[in-house]
Amino acid sequence: MGVYLRPRRLEEALSALARPSAQPHAVLAGGTDFYPARVGRAIDEDVLDISGIDVLRGITGDAAGWRLGATTTWSELLEADLPPLFDGLKQAAREVGGRQIQNAGTLAGNICNASPAADGVPGLLALDAEVEIAGPASRRLPLRQFITGVRRTALAPRELVVAIHIPRPRHDAESAFLKLGARRYLVISIAMAAATLEFAEGRVAAARVAVGACSPVAERLPALETALIGASRDRLADRVDAAQLAPLAPIDDVRGSASYRRDAVVTLLRRLLASFAR
Amino acid sequence: MKVDFTLNGRSVAWAGSPITRLAAALRCDLGHTGTKVGCDAGDCGACTVLLDHRQVCACLVAMGQVAGRVVETVEGLVDGNGTLAALQTSFLAHGAAQCGICTPGMLMAAQELLRKTERPTRGETEDALGGVLCRCTGYGKIVDAVMNATASLLAAPPAGCAPGAGRRHRQACRLGEVRRRRHSR
Amino acid sequence: MRSPHARARFTVGDLGPLSRRLAAVLTAADVPSNGFGIYPDIKDQPVLADGQVRYRGEAVVALVGEREVVLAIGDEEVPITWMPEAPVVGIDAAMAADAPLVQADKPRNLLLEGGVRRGKVGEAFATCAAVAEGVFETAFVEHAYIEPEAGWAERVGDRIEIHVSTQTPYMDRDEVAIVMRLRPEAVRIVPTACGGGFGGKLDLSVQPLVAVAAWKLRQPVALVYTRPESMAASTKRHPARIAAKFGCDAEGRLLACEVTASFDTGAYASWGPTVANRVPVHAMGPYRVPNVRTWGDAYFTNAPPSGAFRGFGVPQAAIAHEALMDELADKLGVDRLEFRLRNALRVGDTTATGQTLAHSAGLAQCLEALQPHWRKAQDEIAAFNAAGGPKRRGVGVGCMWYGIGNTSMSNPSCMRVGLSPAGTLTLYSGAVDIGQGSNTIMTQIAADALGLPAAQFALVAGDTDLTADAGKTSASRQTFVSGMAAERAGRDLRGQILRLANAGPEAVLSLDCAKLTVRDGGEVRVIDLATAGPLMGEGTFDPPTTPLDTDGQGIPYATYAFAAQIAVVEVDLELGTVKVLRMVAAHDVGKAINPTLVEGQIEGGIAQGLGLALMEEYLPGRTENLHDYLIPTIGDVPEVECILIEDREPLGPSGAKGVGEPGLVPTAPAILGAVHHATGVRARRVPLLPHRLREAIVAAGKGT
């Protein structure tokens, strides 16, 4: 049996991670990825349970933006009083697994597990999220640099994600999210799309659009974002073009074919953008 | 590790490895086998319990996280006299359990919902129970049972009647009747 | 420890180090008779593999010890040297001239073949005004019961007692006896509450392993499969390739039918012969077809054994015959439901096996009951589709028939009702309730026959030491077969009571503690059970069938269930997703002993049929969990309206037949027919995943 630590203070967690050891600690919070990866076998790793560290939870806002604590659950996000900027991320929260997963799974857990189909990543990319990391040195990294590949992140062995920061946009902003799956609940996406649009005088002043489950890491679509600038909010779907999907690299898997994903994403993006019409 | 917590309203002391799943502790150490394990991976919801009044998969909760918290399982739905909760009576009346393996999970998910909403809509019921898989029933009677869990207090099946009376059979169950059956929800 | 390879030879190294950590390490050498199988002459599946494995997930070595110790041992610690070989994948590879053999004694990898022949098919096709044909393919489908395989065994003297989740206690008993080289009487099977079966718990799973271990160690041993283990190791629905051709005259009357159904039976025979025997009898559909040639064959591959799964091949066959009914109807310009009504088998008709249906063939009533729903749906759909947009709706109808019980084979049931001297009234039912409610209805039936209230019955169920053999819970047979046995048992006990009381058949019984009161007209007799009892009534029933000859002629089943279901779907043309909006299901069940339980079977069957049509595909090695293998969730199954038709079957208890499998069979055909109505795309392969439907829509030029 390995060592199990459940510190109440972040410093204790970081000290534990800093100690020399034969194998890295497995970090545990909501358990929604930890336990499924260990079905039918004894758990003998060293475990660092961070669910008891108060400074890692909670959502706060100030002039600069919002801080989402690492162990914020999907349900806590849904219940938080947040502006329309967060509607897309909240919609993603509603479609993660089922209610049980939403009550336990955490935002940081989702990005650290770094599945290509992680439900929170497209929405967070579209929010220009930054990851705050504690360790021997504290640092912040844009989310698009934090996730480096399939189930790989830039997190070093002695580091912990402590929060996700969302900058306050310059203009009034709204967001939306669409998930495509083969059944209604408990579903891993075939493809998903998230968009945050900032509006000034009824036209798009800034756009951030991300697609997930269609590449090793969810990707922003800069060509589409550029095409949306200046568009009227009622005429956004027209701006979508298949050529803008170049950053994506979908694969064939049990859920769908690569060519289907490319085709479906165009539809998802058009519908996603059409949902901003008034 | 010693873990003291509240289980169905009573104080409980458990000791063991803190990484033990709550589902395993309930079933193997605490004699509460009402919580079922279908997958140990959070994919099926059979092990759904309430933790601090929120539904979670007990197979995904480490015992090290349970100290001082409130756990409710299906065993806690009956009252001190062993009388079934209205929700359970509603399941019986609607024929909402076939093999029964998902039933504890469905009941606990429904319990979370019904504490917030006495007469949930179909959409609210589906959202609340969406994380519990059932392979037997096709879900229809489960949804009926949850949406009418409080109304069913008025339509408890008469004693001696085979479970199959349902809320539309206010009279005693009569065998041998030809009946056209309509469902409207 | 199970094989990671679909096909391999292996040697086992020194188990000494491992054995010292455990109570026992078991290999093939520890199994007294290392072969089991459903059929008496096919015991082809080893309990523990012996030098070779034939499918990924096959059991190789059993590690027995304290739970935490066993769980801490990784597969890599078991000293096995693997020599993987190229597996035989799919029936084309199995049939190839140079195919390696999966079973050494089965040349061409053929398990068996056979069919039904009636009339002159070739000549008949030549006279048809319309002919429709197609090839339809289905995949492996996983039962996905929410309770995985589980059980434990204990040696009690010279007997072995096994508590296990099972659908068939007596078959388990007899199989374990063979494996353990014991007399059947030395084996006791006690069924536990079964968390779902659907046919997957008709084969041995944990039973022989816990029996061997408990026998050797002389202490209780338990085994619960993990979910990935359950999915990899257990039987599956047979993948099928069905080539079908139907022809009719200008009035839409079917004249000819030719169907070849080829099944992938996986690594071991399991229920393969049952599937291959049942399908040719059903493959023409529930219709009058005077000229028929149906053929079924089953091939071994290096895949999980295909076994019994709700419908035994008929769900796959129904996808084919219903698609072609639609095509013929469309070719003639006849309404699809009307076309089926014109051809529906009715009482007095003769089937393709030469059986005249004397009673209880209610398909026409089912279709007539659906007509108003059908017309209403068509009107609504036409209005919706006229509005344009990326979504289109459609309505489809699927029909089925299903022979109750084993095909041309004896499958008796014996039930007993006892009254003790203390006045305890007990039904001894060997019928396993796997959730369908047999415990309830057996009690209802016995109570009705005896004349005492159901609420006064105690129930002893399933334990082979305490109940008689009621046959397996399978083939939709328990209501019909065990139900009739229960009725006879109740009547037998009633007869004994009436003789004791010297009362007539109209007498009314009542039971209060040990006092049994018999009221016959003005006469009242009280029987003191303390002196008169115990009393035991017994009843048996075996459905009358006859074997089928080489042309499939004979009486394969004593009765058939009939049904028709309508599905209304909405297709998103751009995404290829299908939402089933509602189902209306009309089922001829003979008699609904318990309407709520009958509805439960229909609604549950529909959910599985929806999964078969739209989302369920088991891929060995790739979908060994419940998030990659998709079964319908609460948000996927629509409102279901059930219409229960009761065309009385005189052989059944109160006229009842069966409904367990019939609930599933028409659903996928109805949904696929509705998708065609909505999109013009005829699905030739299930599941119709979004990417497959979208590709077909684009290919047909129907994309927007």
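Thresholds, definitions, all that
Residues numbered from 1 in each chain as written. Chains lettered and ligands numbered in written order. Predicted model: local features only at pLDDT ≥ 70, side-chain atom pairs only at ≥ 80, totals over all residues. Helix = DSSP H or I, 4+ residues; strand = E, 2+ residues; numbered from the N terminus. Rg over C-alpha atoms; globule rule 2.2 N^0.38 Å. Buried ≥ 20, exposed ≤ 12 C-beta atoms within 10 Å, placed from the backbone. Expected span 1.5 Å × (residues − 1). Contact = placed C-beta atoms within 7 Å. Domains from an automatic or database assignment. Axes fitted to C-alpha atoms, helices over the stretch in contact; angles between N-to-C directions. Parallel < 35°, antiparallel > 145°, perpendicular 65-115°, else oblique. Left-handed = near helix turned anticlockwise from the far one by under 90°. Nonpolar A, V, L, I, M, F, W, Y, C, P; charged D, E, K, R; others polar. Pairing = 2+ DSSP bridges. Core = buried A, V, L, I, M, F, W, Y, C linked by C-beta atoms within 7 Å.

## Section: the overall build of chain A
Secondary structure summary: chain A contains 9 helices and 14 strands in total. Over its C-alpha trace chain A gives a radius of gyration of 19 Å, about what one expects of a compact globule, namely 19 Å for 278 residues. With the C-alpha coordinates of chain A rotated into their principal frame, the extents come out at 60 × 45 × 30 Å. The buried share of chain A, taken over its 278 residues, is 52%.

## Observations concerning unusual backbone geometry
Residue and element names in this part refer to chain C. For the peptide bond that leads from Val686 to Pro687, omega is 0°, which places it in the cis range. Along the chain, Pro687 falls in the loop between helix H16 (667–679) and helix H17 (690–699). Here the phi dihedral of Arg218 falls at roughly 55°; this positive angle occurs in a residue that is not glycine. Within the secondary structure, Arg218 is located in the loop between helix H6 (207–217) and strand S11 (221–224).

## Remarks on helix H9 (residues 258–274) of chain A
Given a rise of 1.5 Å per residue, 17 residues ought to cover 24 Å, and the 24 Å separating the end C-alpha atoms of H9 of chain A matches this to within 8%. Residues of H9 of chain A that are buried: Tyr260, Arg261, Asp263, Ala264, Val265, Thr267, Leu268, Leu269, Leu272 and Leu273 of chain A. Buried residues in H9 of chain A make contact with strand S11 (172–180), strand S12 (191–200), strand S13 (203–212) and helix H8 (222–228) of chain A together with H17 of chain C.

## Quick notes on the domain arrangement of chain A
Here the domain parsing of chain A yields domain 1 (1–51) and domain 2 (172–274). Centre-to-centre separation of domain 1 of chain A and domain 2 of chain A, based on C-alpha positions: 36 Å.

## Some thoughts on the interface of chain C and chain B
Each side of the interface is counted separately: chain C has 45 residues, and chain B has 40 residues. Counting residues per element, the ones that place at least two in the side of chain C that touches chain B are helix H12 (438–450), helix H15 (595–614) and strand S25 (639–645) of chain C. Considering every element that reaches the side of chain C that touches chain B, the biggest residue donor is H15 of chain C, with 9 residues.

## Notes on the packing of helix H10 (residues 336–343) of chain C against helix H11 (residues 363–386) of chain C
Two quantities define a packed helix pair, namely the angle between the helix axes and the distance between the axes. Residue and element names in this part refer to chain C. For the pair H10 and H11, the least separation of the axes is 10 Å and the interaxial angle reads 165°. Considered as vectors, H10 and H11 are oriented roughly antiparallel to each other. Read as a crossing pair, H10 and H11 show a hand that is left-handed. Facing Leu337, Arg340 and Leu341 of H10, the residues of H11 in contact are Ala364, Leu367, Leu370, Gln371 and Trp374. Classifying every residue of the contact of H10 with H11 by side-chain character gives 6 nonpolar, 1 polar and 1 charged.

## Digging into the environment of Val568 of chain C
Turning to its location among the elements, Val568 of chain C is positioned in strand S23 (residues 560–572). Distance from Val568 of chain C to Ile671 of chain C, taken between C-alpha atoms, is 7.3 Å for residues 103 residues apart in sequence.

## Brief notes about the domain arrangement of chain C
Residues and elements named next belong to chain C. Here the domain parsing of chain C yields domain 1 (8–87 + 144–233), domain 2 (88–140 + 236–343), domain 3 (359–405 + 557–704) and domain 4 (413–541). On a C-alpha basis, the centres of domain 1 and domain 4 stand 37 Å from each other. Counting residues at the interface gives 16 residues for domain 1 and 12 residues for domain 4. Taken together, the elements giving at least two residues each to the side of domain 1 that touches domain 4 come down to helix H5 (169–180) and strand S10 (187–191). A breakdown of the residues in the side of domain 1 that touches domain 4 according to their chemical character gives 8 nonpolar, 6 polar and 2 charged.

## Looking at the interface of chain B and chain A
Counting residues at the interface gives 25 residues for chain B, matched by 24 residues for chain A. Of all the elements in the fold, those that place two or more residues in the side of chain B that touches chain A are strand S4 (54–57) and helix H4 (122–129) of chain B. By residue number, the principal contributor to the side of chain B that touches chain A is S4 of chain B, which donates 4 residues. Of the residues in the side of chain B that touches chain A, the class split is 11 nonpolar, 9 polar and 5 charged.

## Remarks on helix H13 (residues 478–501) of chain C
Given a rise of 1.5 Å per residue, 24 residues ought to cover 34 Å, and the 33 Å separating the end C-alpha atoms of H13 of chain C matches this to within 8%. Where H13 of chain C terminates, the next one or two residues include Asn502 of chain C, which has phi positive at roughly 55°.

## Considering the sheet that holds strand S6 (residues 110–118) of chain C
Residues and elements named next belong to chain C. With mixed pairing, 5 strands are arranged side by side in an open sheet as S6-S14-S13-S12-S7. On the outer flanks of this sheet lie S6 and strand S7 (130–138), each paired with one strand and no other. Neighbouring strand axes in the sheet, compared pairwise and without regard to direction, differ in orientation by 5° on average. Across 8 bridges, S6 lies against strand S14 (residues 291–300) in antiparallel orientation.

## What to know about the nonpolar core
In this structure, Ile111 of chain A together with Ile671 of chain C are the most contacted members of the largest nonpolar core, which totals 384 residues. With residues near it in sequence (within four places) discarded, Ile671 of chain C still touches Gly396, Ala567, Val569, Val580, Leu610, Ala613 and Leu614 of chain C.

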